[in-house]
Amino acid sequence: MGSLPEYGRKEVPGHLHHLRTTTELKAQRLKPADGQQPVTLLRVYRRGHGWGEFPLYDPAQAAQMRPLSAKQQAAMKARRTCPNCNVVRRYVAYRVCQECAVKEQQECMELQSRTYWRCCRVSVTPGPQGRDGRCEPCWLQWVIQRQFEGERFAVWSRACPGRYCQKVTATDAEVSAERAARPWRGPRWCPPCAERDERERAEQLRADQEARGHAREARRDEVASLIEWARAVLTDPDTVVLDAVIRGEACLTSGSVSANARGRITRSGTVSPTRRAVFRK
Ligand SMILES: [Zn+2]
Ligand SMILES: [Zn+2]
Ligand SMILES: [Zn+2]
């Protein structure tokens, strides 16, 4: 075979176009006859296999394959019949035939072009472009809503944002000039509202600081009383301190533990995890 000329799919010269590979012969129920030699080689790239060389035979010299039995013919026909259009194709129709698959795809795309994706409404004809997937009613509603919100924003940006104050503090032109020169800090305050807001903020800040101070003082007092108690307990000769780190399930969270001066556990007392427990004799 090494001496045979080799061609790619598109390089086969015109006078060799009638040649067939064994697979192509098989599709015509032919096979290379005994001793039939290939005329040339076909170079083909197959995905997953790489480049391969396949002998090309002259179908005029090929031998007929054994005829199919009636059962085989029926099976072959069944494999090639499209379940959708019932047409017998020249290839195996796996789900539907290629023609039906193309038609399905076109129908799907056509339905998609008539469907508004925002509300999933389907119209008879494709809707106008540039409405961002909105049908006519949805589009009108959106436009009205946008106008309404725009107007509400304009009213808000013209007026003082102070509490119970609707005084107009800027014209539309002033607002747009301020918004163009970013960052825009919101509507202008009227002088009384600005003064009141400043005062309220200062008062709030002072109240917060006072509250934090009170909390700190309360904690300090609590700690001092605890220290006092601990000192009293440690100087008491009748008290033993049991210092235990309790882990996992086998802890003394609600168990009863007692101890005497020699460290023997004898009497009841409740211990919570990672706390020091003090027991009196
Ligand atoms: Zn079909
Ligand atoms: Zn809609
Ligand atoms: Zn105001």
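Cut-offs used in this document
Residues numbered from 1 in each chain as written. Chains lettered and ligands numbered in written order. Predicted model: local features only at pLDDT ≥ 70, side-chain atom pairs only at ≥ 80, totals over all residues. Heavy atoms only, no water. Helix = DSSP H or I, 4+ residues; strand = E, 2+ residues; numbered from the N terminus. Buried < 20%, exposed > 50% of the residue type's maximum accessible area, 1.4 Å probe, protein only. Contact = heavy atoms within 4.5 Å. Areas by Shrake-Rupley, 256 points an atom, 1.4 Å probe, with all protein chains shown as cover. Donors = N, O, S within 2.8 Å, 3.2 Å for Na, K, Ca; no water. Core = buried A, V, L, I, M, F, W, Y, C linked by side-chain atoms within 4.5 Å. Tetrahedral: all angles 85-135°; square planar, octahedral: opposite > 155°, others 65-115°. pLDDT = per-residue confidence, 0-100. Pairing = 2+ DSSP bridges.

Draft legend 1. Just the overall build of the protein, in detail. Assigned secondary structure in the protein consists of six helices and seven strands. From first element to last, N terminus to C terminus, the protein shows the α and β order β-α-β-β-β-β-α-α-α-α-α-β-β. For the protein, with 281 residues in total, the buried portion stands at 22%. Here the analysis covers contacts within the protein between residues at least 6 apart in sequence; of these, 40% occur between residues at least 24 apart. For the protein, the exposed surface amounts to about 22,000 Å²; the carbon and sulfur share of it is 53%.

Draft legend 2. Layout of the coordination of the zinc ion (ligand 2). Protein coordination at the zinc ion (ligand 2): the donors are C119 (SG), C135 (SG) and C138 (SG), at 2.1 Å from the metal. Along the chain, the residues donating to the zinc ion (ligand 2) fall in the pattern C-x15-C-x2-C. Taken as a pair, C119 in the loop between α3 (98-114) and α4 (136-158) and C138 in helix α4 lie far apart in primary sequence, 19 residues in all.

Draft legend 3. Representation of the nonpolar core. In terms of nonpolar packing, the biggest core is built from seven residues, these being Y7, V12, L16, L19, L42, V44 and L56. The residues contacting L19, other than those within four sequence positions of it, are E24, V39, T40, L56, Y57, D58 and P59. Of all hydrophobic cores here, the second largest spans five residues; its members include C82, V96, C97 and C100.

Draft legend 4. Structural view of the coordination of the zinc ion (ligand 1). Only C82 (SG), C85 (SG), C97 (SG) and C100 (SG) from the protein reach the zinc ion (ligand 1) as donors, at distances of 2.1 to 2.3 Å. Geometry at the zinc ion (ligand 1) is tetrahedral, judged from the four donor atoms that bind it and their angles of 101 to 116° at the metal. Spacing between the donor residues of the zinc ion (ligand 1) along their common chain follows C-x2-C-x11-C-x2-C. Relative accessible area serves as the criterion here: at 0%, C97 is assigned to the buried category. Exposure remark for C100: the relative accessible area of 7% places this residue in the buried category.

Draft legend 5. Just the confidence of the model for the protein, in detail. Averaged over all residues, the pLDDT of the protein equals 85, while 85% of them reach at least 70. For the protein, the element scoring lowest by mean pLDDT is strand β7 (residues 277-280), at 54; helix α6 (residues 191-235) scores highest, at 95. Taken as a whole, residues 248-275 scores under 50 in pLDDT and shows 52 contacts with residues more than four places along the chain or in a different chain.

Draft legend 6. Up close: the pairing of strand β4 (residues 50-56). Bridging between strand β3 (residues 40-46) and β4 involves seven bridges; their strand directions are antiparallel. By the bridge assignment, L42 is partnered in β4 with F54. In sequence, β3 turns back onto β4 through a hairpin of three residues, with G48 there showing a positive phi of about 90°.

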